[in-house]
Amino acid sequence: MICRVALLALASGACVEPVYDDRLGVAGVPVDEGALAGRFSLVSSAADLAHLPLVGDQVSGGMSFLLVERSWDGVGYAQTNTLCRVLNFDVAGLVSEVSEATARTVPPFAVPTLIDHERGAVSTERFAELWAVHDLDDGDAMPTAPDDPRFYDMDSDDKPGATMATSGLVSGEVYFAQRKLVSYAGVVRGPDESFGLITHKKEATVIAATDDLLLTQGVREQHPDPKESWWHEQRQADDASCDEVGAAVDDGSVSMLRPF
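Residues numbered from 1 in each chain as written. Predicted model: local features only at pLDDT ≥ 70, side-chain atom pairs only at ≥ 80, totals over all residues. Heavy atoms only, no water.

**Let's talk about the overall build of the protein**
Here is step 1 of the chain: For the protein, the count of helices and strands is 3 helices and 15 strands.
Here is step 2 of the chain: Expected size for 260 residues packed as a compact globule is a radius of gyration near 18 Å; at 20 Å, the protein falls within 12% of this value.
Here is step 3 of the chain: The principal-axis extent of the C-alpha atoms belonging to the protein is close to 70 × 40 × 35 Å.
Here is step 4 of the chain: Residue burial in the protein is summarised as follows: out of 260 residues, 44% are buried.
Here is step 5 of the chain: Partitioning the contacts of the protein with sequence separation of at least 6, the portion at a separation of at least 24 is 66%.
Here is step 6 of the chain: For the protein, the exposed area adds up to about 12,700 Å²; of that, 53% sits on carbon and sulfur atoms. (Helix = DSSP H or I, 4+ residues; strand = E, 2+ residues; numbered from the N terminus. Rg over C-alpha atoms; globule rule 2.2 N^0.38 Å. Buried < 20%, exposed > 50% of the residue type's maximum accessible area, 1.4 Å probe, protein only. Contact = heavy atoms within 4.5 Å. Areas by Shrake-Rupley, 256 points an atom, 1.4 Å probe, with all protein chains shown as cover.)

**Description of unusual backbone geometry**
Here is step 1 of the chain: Despite not being glycine, Ala92 has its phi angle at roughly 50°, a positive value.
Here is step 2 of the chain: One can find Ala92 in the loop between β5 (77–88) and β6 (94–97).
Here is step 3 of the chain: If you check the backbone angles, Asp135 has positive phi at about 55° while not being a glycine.
Here is step 4 of the chain: Checked against the element boundaries, Asp135 lands in the loop between β10 (127–131) and β11 (162–168).

**Points about the packing of aromatic side chains**
Here is step 1 of the chain: The full count for this structure, using the stated rule, is 6 aromatic pairs.
Here is step 2 of the chain: Residues Trp72 and Tyr77 carry aromatic rings whose centres are separated by 4.7 Å and whose planes lie at 50° to one another, so their mutual orientation is tilted.
Here is step 3 of the chain: Above the plane of the ring of Phe40 lies Arg70, whose end atom (NZ or CZ) is 5.0 Å from the centre. (Phe/Tyr/Trp six-rings, centres within 6.5 Å; stacked < 30°, edge-to-face > 60°. Lys NZ or Arg CZ within 6 Å of the ring centre and 35° of its normal.)

**Observations regarding the nonpolar core**
Here is step 1 of the chain: In this structure, Leu83, Trp131, Phe176, Ala177 and Tyr184 are the most contacted members of the largest nonpolar core, which totals 38 residues.
Here is step 2 of the chain: Sorting the residues of this core by element identifies β3 (38–52), β4 (56–72), β5, β10, β11, β12 (172–190) and β13 (193–209) as the ones contributing at least two each.
Here is step 3 of the chain: No other element matches the 6 residues that β12 contributes to this core.
Here is step 4 of the chain: When sequence neighbours within four positions are dropped, the list of residues in contact with Ala177 reads Trp131, Ala132, Val133, Met142, Phe151, Glu203, Ala204, Thr205 and Ile207. (Core = buried A, V, L, I, M, F, W, Y, C linked by side-chain atoms within 4.5 Å.)

**Thoughts on the state of the cysteines**
Here is step 1 of the chain: Counted by the stated rule, this structure contains 1 disulfide.
Here is step 2 of the chain: A sulfur-sulfur separation of 2.0 Å characterises the disulfide bridge that pairs Cys84 with Cys242. Judged by the torsion about the S-S bond (-80°), the Cys84/Cys242 disulfide is left-handed. Of this pair, Cys84 sits in strand β5 while Cys242 is found in helix α3 (residues 242–250), placing the two residues 158 residues apart along the sequence. Here Cys84 and Cys242 have matching classes, each one buried. (Disulfide = S-S within 2.5 Å.)

**Examining the pairing of strand β9 (residues 121–124)**
Here is step 1 of the chain: Examined bridge by bridge, strand β8 (residues 113–116) and β9 share 4 bridges and lie antiparallel to one another. What sits directly across from Leu114, in β9, is Ser123.
Here is step 2 of the chain: Hairpin connection between β8 and β9: a loop of 4 residues separates the two successive antiparallel strands, and Gly120 in this loop has a positive phi of roughly 70°. (Pairing = 2+ DSSP bridges.)

**So, the pairing of β13**
Here is step 1 of the chain: Pairing of β12 with β13, which is carried by 16 bridges, proceeds in the antiparallel orientation. Across the sheet, the residue bridging to Val187 is Phe195, located in β13.
Here is step 2 of the chain: Linking two consecutive strands that pair antiparallel, namely β12 and β13, is a turn of 2 residues.
Here is step 3 of the chain: Two elements, β13 and strand β15 (residues 230–235), share 5 bridges in a ladder whose sense is antiparallel. Opposite Phe195, over in β15, you have His232 as the bridge partner.

**Details of the environment of Glu244**
Here is step 1 of the chain: Inspection of the secondary structure puts Glu244 in helix α3.
Here is step 2 of the chain: When its relative accessible area of 38% is taken as the criterion, Glu244 is described as partly exposed.
Here is step 3 of the chain: Remark: the alpha-carbon pair of Glu244 and Glu97, spanning 147 residues in sequence, is separated by 21 Å.
Here is step 4 of the chain: Side-chain polar atoms of Glu244 contact the side chain of Ser241, separated by 2.5 Å. (Polar contact = N/O pair within 3.5 Å; in protein donor to acceptor, adjacent residues only side chain to side chain.)

**Things to note about the confidence of the model for the protein**
Here is step 1 of the chain: Of the residues in the protein, 95% reach a pLDDT of 70 or more, and the chain-wide mean stands at 93.
Here is step 2 of the chain: Across residues 1–13, where pLDDT falls below 50, the model places 17 contacts with residues more than four positions away in sequence or in other chains. (pLDDT = per-residue confidence, 0-100.)

**Structural notes on α3**
Because an α-helix completes one turn every 3.6 residues, residues spaced three or four positions apart along the sequence face the same direction.
Here is step 1 of the chain: Within the span of α3, buried status applies to Cys242, Val245, Gly246, Ala248 and Val249. End-on, the buried residues of α3 take up no more than an arc of 160°, which puts them together on one face.
Here is step 2 of the chain: Those residues of α3 that are buried are in contact with β3, β4 and β5.
Here is step 3 of the chain: Gly252 sits one or two positions beyond α3 and adopts a positive phi of about 85°. (Arc of directions from axis to C-beta.)

Okay, here's the thing in structure tokens:
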């Protein structure tokens, strides 16, 4: 076990205890400073409880598959996440799909990350993942007017916003924008793996749709069971890209199952 001890601790023979997260049922593992630099795959599941007209409360949300690039400057980490793929949960008979090509046009976003190397704890400040909306400061409300000039054709398909295909209950396309506000907290399990829970809030605006039934927007909030919203990070090669992340998910070397 790594134990960096201050002079006072040396005098008493005490070491910093690894953090134990009773929500996860596991303890953190101490690592060297800078050990979590590199490239990683990140799988996250962000579950919601959607309050929908006529059908009532439904579990919604989805999974995200990302490439993490993290560098160490001797003091702290700089981290950028790139979205590679998304998988939406089916809701009340409605199947929705965002293509991988569309997902990869979400602009990469900075993630302010704090890692306690001695205790094996990791957390982030809240950060924003923006879909088809720009010039949106932290204190700004999410635009709701379909003609707001901050919305743009993110995936360059000559349709407004980001495009999502639907089937099942209603077949068509939805054109939307979204701000996803997220923070992570969890444990380091070694230099190649970390996992934990997510706190999230999703604010979406339907800009247009091919069927009026798809214009309905229900109210949603994070699922009340915190273990339904989680993240799992695993080291990849130093030159890994979204292609490698997708291939690792497809061959099962990166699991889609909750790691705790």
